Amino acid sequence: MAQNFSLDVNSETFEIEKAVQKPMTDYKMLSADRLVQAATFGSDLKVMANFSDYDFGYGVETIKAGSALIIDGDHKTVVAPADQ
């Protein structure tokens, strides 16, 4: 079953602010059920969100169920609901 989650953004979570300042340059559905998605902003900021209830492998990355993986150049941040 798909999960809904929201992100609480504070001053330390700057990736979201960076994303809105860059054009979306790519968007993909990564899973056949359309619950794992990726968006690229500019040339080096990628956000992969997993709205499913299963972990998803993509390349060398694993996106945990109900979480998002933000890759900003060499920096990786995982965002998940507090109850996970």
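Before going into details, it helps to say that this report is about the structure given with it.

The rules we used
- Residues numbered from 1 in each chain as written.
- Predicted model: local features only at pLDDT ≥ 70, side-chain atom pairs only at ≥ 80, totals over all residues.
- Heavy atoms only, no water.
- Pairing = 2+ DSSP bridges.
- Helix = DSSP H or I, 4+ residues; strand = E, 2+ residues; numbered from the N terminus.
- Axes fitted to C-alpha atoms, helices over the stretch in contact; angles between N-to-C directions.
- Patch = residues over 30% accessible without salt bridge, like charges linked within 9 Å, V, L, I, M, F, W, Y side chains within 5 Å.
- Areas by Shrake-Rupley, 256 points an atom, 1.4 Å probe, with all protein chains shown as cover.
- Salt bridge = Lys/Arg side-chain N within 4 Å of Asp/Glu carboxyl O.
- Buried < 20%, exposed > 50% of the residue type's maximum accessible area, 1.4 Å probe, protein only.

This next bit is on the sheet that holds strand E3 (residues 45-50). Pairing is antiparallel in the open sheet, where 5 strands are placed in the order E1-E2-E3-E6-E7. What marks the edges here is a single partner per strand, and that holds for strand E1 (24-29) and strand E7 (75-79). With direction set aside, neighbouring strand axes in the sheet form an average angle of 15°.

Taken together, the side chains of Met24, Tyr27 and Met29 define a hydrophobic patch exposed on the protein surface, amounting to about 300 Å² of accessible area. Structurally, the position occupied by methionine 24 is in strand E1.

In this section: the pairing of strand E2 (residues 36-41). The buried fraction of E2 is high, at 6 of 6 residues. With burial as the criterion, each face of E2 is covered, one bearing Val36, Ala38 and Thr40 and the other bearing Gln37, Ala39 and Phe41. As paired strands, E2 and E3 are joined by 6 bridges and run antiparallel to one another. Note on E3: the bridge partner recorded for phenylalanine 41 is leucine 45. Connecting E2 to the next strand, E3, in antiparallel fashion are 3 residues, including glycine 42 with a positive phi near 65°.

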